[in-house]
Amino acid sequence: MHEILIKHDVKEPLVQQITRAIARDIDRGILLRDTRLPSINDFSKQYGVARDTIERAYKRLKSQGHIVSVAGNGYFVAGKKDARLQVLLIFNKLSSYKKIVYDSFLATLGKKAKVDLQIHHYDPHILKEIIEANLGKYHYYVVMPHFFHKVNLAECRAIIEMIPANELVILDKKMKGLKGKHIEVYQDFKKDIYRTLTAANDLLKKYKKLFMVLDKQSNHPLEIIEGTKQYCVENKKTFTVIGDCKNEVLKAGTAYIVTTESDLAELLKSIRSSKFILGKDIGVISFNETVLKELLDITVITTDFEAMGKTAANCILNKEIKEVNNPFYMIRRNSL
């Protein structure tokens, strides 16, 4: 049996850790049918764990059908309990874009996995509760680490690190400083928006000012501000962040990056009731594609949500531990 990871400084009981680790290796095919497990004495000496703890873990594995005991010979692997992978998706919220990720993820995994979904609502304490309640129950834990802006990031990392690195999939937002190698399919919000705006300089050059409409109460990644500011500094444009569009006084030569559909609607109403021409005097860029934006001919910047779900699922199926910067691009239309 290959070495398993046992942590003595976490809340998860040792019995549960041992049971989870061995069951996981059996389900993954690392421990094959009829493989003999270490004796209780050998296991105790190797890992510095009390004999009764090992005995309880083996009894639990036996009751679950993972192992069998043979009188006078010890414990042996019975075989896989369920060939399907067990996956827990933990999203920060529900939205039409998250549904695209979810549908793509499920479609790619197909019948090879059973997927459950939970929501942490940007709250690390809710995430901690979800993880603590589900450790050992799944082969993979897919986490979107979007949190309230004022949270303690070190605390968030510690919570996510409760999940063994080889079972962890970070999705959508990069989480810096995590220990161990894990799967990561992410947007690099600062670099992505900077590169995308720079590539659209032929359209943006007619605008001297660039406004980003970003509600202070929203939880959009602040890196999009940093990337947009960098672009504006390099291209000698005035950059301003505003909270909403309700009282905005339109001026020619201004382009707006809008993060919500409600602000997009407000801005379009203002432009249509003004003397300005959309795409000539006033520019509009919206975050994330929808059919309505296509019909309204609105320029969009977006990540490929379908590719995100597909890539994460393929990494799991192929057991590829790697980092992937998800595609991010602009859909050019006449609003810019």
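Reading the values: rules and limits
- Residues numbered from 1 in each chain as written.
- Predicted model: local features only at pLDDT ≥ 70, side-chain atom pairs only at ≥ 80, totals over all residues.
- Heavy atoms only, no water.
- Helix = DSSP H or I, 4+ residues; strand = E, 2+ residues; numbered from the N terminus.
- Rg over C-alpha atoms; globule rule 2.2 N^0.38 Å.
- Contact = heavy atoms within 4.5 Å.
- Expected span 1.5 Å × (residues − 1).
- Buried < 20%, exposed > 50% of the residue type's maximum accessible area, 1.4 Å probe, protein only.
- Polar contact = N/O pair within 3.5 Å; in protein donor to acceptor, adjacent residues only side chain to side chain.
- Salt bridge = Lys/Arg side-chain N within 4 Å of Asp/Glu carboxyl O.
- Core = buried A, V, L, I, M, F, W, Y, C linked by side-chain atoms within 4.5 Å.
- Pairing = 2+ DSSP bridges.
- Axes fitted to C-alpha atoms, helices over the stretch in contact; angles between N-to-C directions.

*Asks:* So what's going on with the overall build of the protein chain? Which residues, and what values?
*Replies:* If you tally the helices and strands in the protein chain, you get twelve helices and 14 strands. Taking 2.2 N^0.38 as the reference for a compact globule, 336 residues should give roughly 20 Å; the C-alpha atoms of the protein chain span a radius of gyration of 25 Å, well beyond that estimate. Taken over the C-alpha atoms alone, the protein chain extends approximately 90 × 35 × 30 Å along its principal axes. Residue pairs in contact within the protein chain that sit at least 24 positions apart in sequence constitute 70% of those at least 6 positions apart.

*Asks:* Residue-level account of helix H12 (residues 305-317), with values.
*Replies:* Helix length check: H12 (13 residues) gives 19 Å between terminal C-alpha atoms against 18 Å at 1.5 Å per residue, within 8%. Considered for burial, the residues of H12 that qualify are Phe305, Ala307, Met308, Gly309, Ala312, Ala313, Cys315 and Ile316. Where H12 is buried, its residues meet strand E3 (85-91), helix H4 (96-109), strand E5 (140-143), strand E6 (168-173), strand E7 (183-187) and strand E12 (299-303). The N-cap of H12, judged by a side-chain oxygen 3.3 Å from the amide nitrogen of Glu306 a few residues on, is Asp304. One or two steps after H12, the chain reaches Lys319, where phi turns positive at roughly 55°.

*Asks:* So, the side chain of His139: which residues are in play, and what are the values?
*Replies:* Structurally, the position occupied by His139 is in the loop between helix H5 (124-134) and E5. Setting aside anything within four residues of it in sequence, one finds His139 in contact with Arg24, Asp27, Arg28, Arg84, Leu85, Gln86 and Glu167.

*Asks:* Quick rundown of the pattern of salt bridges? Include the residues and the values.
*Replies:* Taken as a whole, this structure holds 14 salt bridges when the rule is applied. In this structure, Arg20 engages Glu12 in a salt bridge whose closest nitrogen and oxygen atoms are separated by 3.0 Å. For Arg20, a relative accessible area of 9% gives the class buried. A salt bridge links Glu184 to Lys174, with the shortest nitrogen-to-oxygen separation between them at 3.3 Å. Of this pair, Glu184 sits in strand E7 while Lys174 sits in the loop between E6 and E7, placing them ten residues apart in sequence. Residue Glu184 is classed as buried on the basis of its relative accessible area of 2%. You can call Lys174 partly exposed: its relative accessible area is 27%. By sharing partners, the salt bridges in this structure join Glu12, Arg20, Arg24, Asp25 and Glu167 into a single network.

*Asks:* Break down the nonpolar core for me, citing the residues and quoting the values.
*Replies:* With 25 residues, the main nonpolar core has Val87, Phe105, Val142, Leu171 and Ile316 as its most contacted residues. Taken together, the elements giving at least two residues each to this core come down to E3, H4, strand E4 (113-119), E5, E6, E7 and H12. Considering every element that reaches this core, the biggest residue donor is H12, with six residues. Counting 23 residues, the second-largest nonpolar core is a separate cluster that includes Leu197, Ile224, Ile257 and Ile285.

*Asks:* Give me the sheet that holds strand E14 (residues 328-331): which residues, what numbers.
*Replies:* Across the sheet, which stays open at both edges, the six strands sit in the order E9-E8-E10-E11-E12-E14 with mixed pairing between neighbours. Each having just a single partner strand, strand E9 (238-242) and E14 make up the two edges of the open sheet. Averaged over all adjacent pairs, the angle separating strand axes in this sheet is 20°, with direction ignored. Across four bridges, the pairing between E12 and E14 is antiparallel. Residue pairing in the sheet places Thr302 in a bridge with Tyr329 of E14.

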